[in-house]
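# Structure assessment
What follows is each chain in one-letter form.
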Amino acid sequence: MRYGLSDISRNLCRMSSHSNVLREEEFWALKDVSFEVRQGEALGLIGANGCGKSTVLKLLNGIFWPDIGKVAVRGKVGALIEVGAGFHPMLTGRENVYLNGAILGMTKAEVNEKFDDIVEFAEIGDFLDTPVKHYSTGMFVKLGFAVAVHCDPDVLLVDEVLAVGDISFRRKCFKRLKELRDENVTWIIVSHDAGTIQANTDRVVLLDRGEMAYVGSPEDAINEYLYSLSLKRVTPGSNAAQVVDSRSSKQSVAADFEVDRVVLLDKNLCEREVFATGEPFAARIEFTAKKKIEDPAFGVVFFNGDNEICSESVTSFDGVRIEKLEGRGSVTLKTDSLPLYSGVYRLHLTVRDGSLAPLAEMSHAAYIKVSGGKLFSAGMFYMQHSWDIELDEDRIGSAPRAV
Amino acid sequence: MTETDFTTYEPDNSLKKGYRSLFSEIFSELNRSRWLIFQLFKKDFVALYKQSFIGVLWAVLLPLVAVGTFIVLSGAGVFNVGALSVPYPIYAILGTALWGLFSTGLVASSNSIVAAGPMITKINFSKKSLVIASMGQALLAFFIQLCLVLALLVYYQVTPSPAILLIPLLIVPVVLFTLGLGFVLSLVNGIVRDVANMVSVVVTFLLFLTPVLYAKPTTGVLAALTSYNILYYLVSVPRDLILYGTSDYLKGFLLSSAVAFFVFLLFLAVFHLTETRVAERV
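None of these values were measured; they are calculated from a predicted model.

In this section: the overall build of chain A. When helices and strands are counted, chain A shows nine helices and 15 strands. By the burial criterion, 34% of the 403 residues in chain A qualify as buried. Long-range contacts, defined as pairs at least 24 residues apart, comprise 71% of the intrachain contacts of chain A with a sequence gap of at least 6.

Right under this line is the structure:
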């Protein structure tokens, strides 16, 4: 409150409000964020919640002024942000279209001209003259979207609302948005959905707590995002440098068995830290058995950033029998295709002897960093697969056979 | 592609452009927003009256009750209305109609920014239009009460002066004064929410202090205060002109109108320079 009043009075007296200096309890919502978008280009903004994406949109929309720096926009700005803004529940759909159009900056002539298109797009039908409070949420949102999408902006700001409603409507939304793209409209999109970002943007800016963490192609930026996200979760409080060295978090249970180290290997058996989705991967466990151990079993579990089990492999479950361990040796878990998507995963190792007594347990035996590779199929993991295509060449051009 | 094609936002934006371009900016914005103002007014109107049974008549009912009370009180001799050449009801209702422009207008406009809610922080549109549209309610109420006055004039067979045709002009000063105050109060209310409540209280209080429903006192503190009370001139002189064709306080009226005009321009500029600060904190 104090700051608000002080800023207002300083502005009036033509004094600078010294906005480049932080006062108590203030923080930088955005810091050193700089980018340029050319006409017709589509820029994506991604990042964790609260990293400042919506603030960037507000700056571009002219709702806030920057405290340091400059924002320059050429052309009319439209926003798919608060869809249905200004909609009053007591007004009918028709009245709300006019109201919303006026608020979004359209002229009366413009709304009149596009009215029929808007109504048809929204699929409201007979409910046009009913008060909006009787609409279902879907209808409400469709109407709001229909008005916003007919705005004819040069620059379109989209905040997570790329397509709403049921499937047929969503398809219509995407089609209309694609038309806008073809008309050389410049886009700035904020989204959490990797697929949306990848399909619709040329470049992506990754924001992390108000700062630009990465600028680049959609694939790279999303990789970076997923990776940094799980990095934080898998190793809370630690930074990247520590992760590399933290293989020392051993918890040996028995004195006669010691895990020397766990090494991650690629297909050439070279040590690596970062792997791509779908590539060959191996984890080698090197150990020293100080006493003879009969019938041991090795179990390896992969945990993701949310501490969910992704995969578990145990030698005894797979029918792999080790008769005895004595002295030094190694056990390697191999796969031809690493199914894990971008992120950081934790390897949990358990070693037991024949009587199921624990010999060693390491909850942070290793960290597998997965970056790049086969991204953007939807799903929790990547399944190695191949395709077989069969076409009946004789039947091309003839009538279908009766079944 | 020149610099002027770009819309730029910088820290302390309006300072850089200087005061001179200020008013051309403001008035071109208002010109563009004419239809928006109408739409916003329509929304308020429909929202207020759509599901009510008495509907628009509320604009008449409330002042009637107030005036009716005063009529009863004056009949009982509780206060002195002075020598009037028109029946008290006409005098009183015309007075409350003109006062209503100020009171209803001020309360509505000081609330207008906050009432718009999330629109302010999500969409960039002309916020001045919100304040101006909120005056629409007051203007409509005035018009309805005016019709009531006309009906009473017919009933009591009183002929008003030709100045009655100048009503649209005569109410300009009080409307501008209200708008000016409304601009600044709506902004401050966005940051310090008590303001709107204080306004309601103060306005009611002012009604008692300003000789609208009773005659101007000739002695005492109140007499002295009243001669400096802008609202008194802005409300009672139009009434005198409409009913009698002349007024003793024309000079005061012209002076007050000048003040009103100045207040309007000043606070309109203030609003323009500081409206984004409110978006940050509303």
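Read on for the rest.
This part is about the overall build of chain B. Looking only at helices and strands, chain B has 13 helices and one strand in total. Radius of gyration (C-alpha) of chain B: 21 Å, near the 19 Å computed for a compact globule of 282 residues. Projected onto its principal axes, the C-alpha positions of chain B cover 70 × 45 × 35 Å. Every one of the 282 residues in chain B was classed for burial, and the buried ones make up 40%. Considering only contacts in chain B between residues 6 or more positions apart, those separated by 24 or more positions represent 80%.

Residues and elements named next belong to chain A. Locating I368 in the fold gives a position in strand 15 (residues 358–373). Judged by C-beta crowding, with 20 C-beta atoms within 10 Å, I368 ranks as buried. Beyond its immediate chain neighbours, meaning those up to four positions away, I368 contacts L264, F275, Y345 and L347.

Next up on the list: the confidence of the model for chain A. Confidence in the prediction for chain A averages 82 pLDDT; 87% of positions are at 70 or higher. Note that residues 237–249 of chain A has pLDDT below 50 and, in this model, twelve contacts with residues that lie over four places away or in other chains.

Of the residues lining the interface, 35 residues belong to chain B; the matching set on chain A comes to 42 residues. When residues in the side of chain B that touches chain A are grouped by element, the largest group, eight residues, is from helix 13 (residues 250–281) of chain B. Residue composition of the side of chain B that touches chain A, grouped by class: 17 nonpolar, nine polar and nine charged. Where strand 2 (residues 71–74) of chain A meets strand 1 (residues 6–9) of chain B, four bridges bridge the pair, whose relative direction is antiparallel. The residue of strand 1 of chain B that forms the bridge with V73 of chain A is T7 of chain B.

Time to look at helix 3 (residues 34–49) of chain B. In this model helix 3 of chain B runs 23 Å from its N-terminal to its C-terminal C-alpha over 16 residues, within 8% of the 22 Å that 1.5 Å per residue would give. Buried within helix 3 of chain B are the following residues: L36, I37, Q39, L40, K43 and D44 of chain B. With its buried residues spanning 165° around the axis, helix 3 of chain B presents them on a single face. Of the surrounding secondary structure, the elements contacted by the buried residues of helix 3 of chain B are helix 3 (93–103) of chain A together with helix 7 (127–156) of chain B.

A word on the domain arrangement of chain A. All names here are of chain A. If you check the domain split of chain A, you get domain 1 (28–231) and domain 2 (241–373). One C-alpha centre belongs to domain 1, the other to domain 2; they are set 46 Å apart. Contacts between domain 1 and domain 2 engage six residues on the former and eight residues on the latter. Each residue belonging to the side of domain 1 that touches domain 2 can be placed in one class, and the counts come to four nonpolar, two polar and no charged.

Moving on, we get to the sheet that holds strand 4 (residues 155–159) of chain A. Residue and element names in this part refer to chain A. Taken together, six strands build an open sheet; the order of strands is 3-4-5-1-6-7 and the sheet is mixed. The strands lining the two open edges of the sheet, one partner per strand, are strand 3 (77–80) and strand 7 (211–216). Taking the axes of each pair of neighbouring strands and ignoring which way they run, one obtains an average angle of 20° across the sheet. Pairing of strand 4 with strand 5 (residues 186–190) involves five bridges; the strand directions are parallel. Counterpart to L157 in the pairing with strand 5 is I188.

Residues and elements named next belong to chain A. On the basis of which strands lie adjacent, the open sheet formed by five strands has the order 9-15-14-11-12 and mixed pairing. Where the open sheet ends on each side, the last strands, each with one partner, are strand 9 (274–277) and strand 12 (309–314). This sheet shows a mean twist of 30° between the axes of neighbouring strands, independent of strand direction. Two strands pair when backbone bridges link them, and strand 11 (residues 297–303) and strand 12 are joined in this way by five bridges, in the antiparallel orientation. Note on strand 12: the bridge partner recorded for V301 is E312.

Angle between the axes and distance between the axes are the two parameters that describe a pair of packed helices. Look at helix 3 of chain A against helix 3 of chain B: their axes get within 9 Å of each other, and the N-to-C directions meet at 140°. When the interaxial angle is binned, helix 3 of chain A and helix 3 of chain B end up oblique. The crossing of helix 3 of chain A and helix 3 of chain B is left-handed. Residues E95, Y98, L99, A102 and I103 of chain A of helix 3 of chain A form the contact with helix 3 of chain B, whose own contacting residues are W35, L36, Q39, K43 and V46 of chain B. Of the residues assigned to the contact of helix 3 of chain A with helix 3 of chain B, the class counts are seven nonpolar, one polar and two charged.

Right, let's get into the environment of G245 of chain B. All names here are of chain B. Among the structural elements, G245 can be located in the loop between helix 12 (230–244) and helix 13. With 12 C-beta atoms packed within 10 Å, G245 lands in the exposed category. Residues G245 and S161 lie 84 residues apart in sequence; the distance between their C-alpha atoms is 5.0 Å.

Within the largest apolar cluster, 131 residues are counted, with the highest numbers of intra-cluster contacts made by L45 and L157 of chain A together with V174 of chain B. Among the elements that line this core, the one with the most residues is helix 5 (residues 88–116) of chain B, at 15 residues. Not counting residues within four places of it along the chain, the set of residues in contact with V174 of chain B comprises L98, L101, F102, L234, V235 and A260 of chain B. Ranked by size, the runner-up nonpolar core spans 32 residues in total, among them F257, A283, A289 and V351 of chain A.

In this fold, R74 of chain A is placed in strand 2. Counting along the chain gives 35 residues from R74 of chain A to Q39 of chain A, while the straight-line C-alpha distance between them is 9.0 Å. Sequence-distant contacts of R74 of chain A, defined by excluding residues within four places in its chain, comprise D5 and F6 of chain B.

Quick look at the packing of helix 9 (residues 172–191) of chain B against helix 12 of chain B now. All names here are of chain B. Following both chains from N to C, one finds helix 9 and helix 12 inclined at 145°, their axes separated by 9 Å at the closest point. Residues P173, V174 and F177 of helix 9 form the contact with helix 12, whose own contacting residues are I230, L234 and V235. A breakdown of the residues in the contact of helix 9 with helix 12 according to their chemical character gives six nonpolar, no polar and no charged.

Residues and elements named next belong to chain A. For strand 14 (residues 343–352), a buried count of eight out of ten residues is recorded, marking the element as mostly surrounded by other parts of the structure. The pairing of strand 11 with strand 14 spans seven bridges and is classified as antiparallel. Residue A297 lies in a different strand from strand 14, and its bridge partner there is R352. Bridging between strand 14 and strand 15 involves nine bridges; their strand directions are antiparallel.

Before going further, it helps to spend a moment on the confidence of the model for chain B. Considering every residue of chain B, the mean pLDDT works out to 83; 92% of them sit at 70 or more. Per-residue pLDDT, averaged within each element of chain B, yields its smallest value for helix 1 (residues 13–17) of chain B (59) and its largest for helix 9 of chain B (91).

The rules behind each value
Residues numbered from 1 in each chain as written. Chains lettered and ligands numbered in written order. Predicted model: local features only at pLDDT ≥ 70, side-chain atom pairs only at ≥ 80, totals over all residues. Helix = DSSP H or I, 4+ residues; strand = E, 2+ residues; numbered from the N terminus. Buried ≥ 20, exposed ≤ 12 C-beta atoms within 10 Å, placed from the backbone. Contact = placed C-beta atoms within 7 Å. Rg over C-alpha atoms; globule rule 2.2 N^0.38 Å. pLDDT = per-residue confidence, 0-100. Nonpolar A, V, L, I, M, F, W, Y, C, P; charged D, E, K, R; others polar. Pairing = 2+ DSSP bridges. Expected span 1.5 Å × (residues − 1). Arc of directions from axis to C-beta. Domains from an automatic or database assignment. Axes fitted to C-alpha atoms, helices over the stretch in contact; angles between N-to-C directions. Parallel < 35°, antiparallel > 145°, perpendicular 65-115°, else oblique. Left-handed = near helix turned anticlockwise from the far one by under 90°. Core = buried A, V, L, I, M, F, W, Y, C linked by C-beta atoms within 7 Å.

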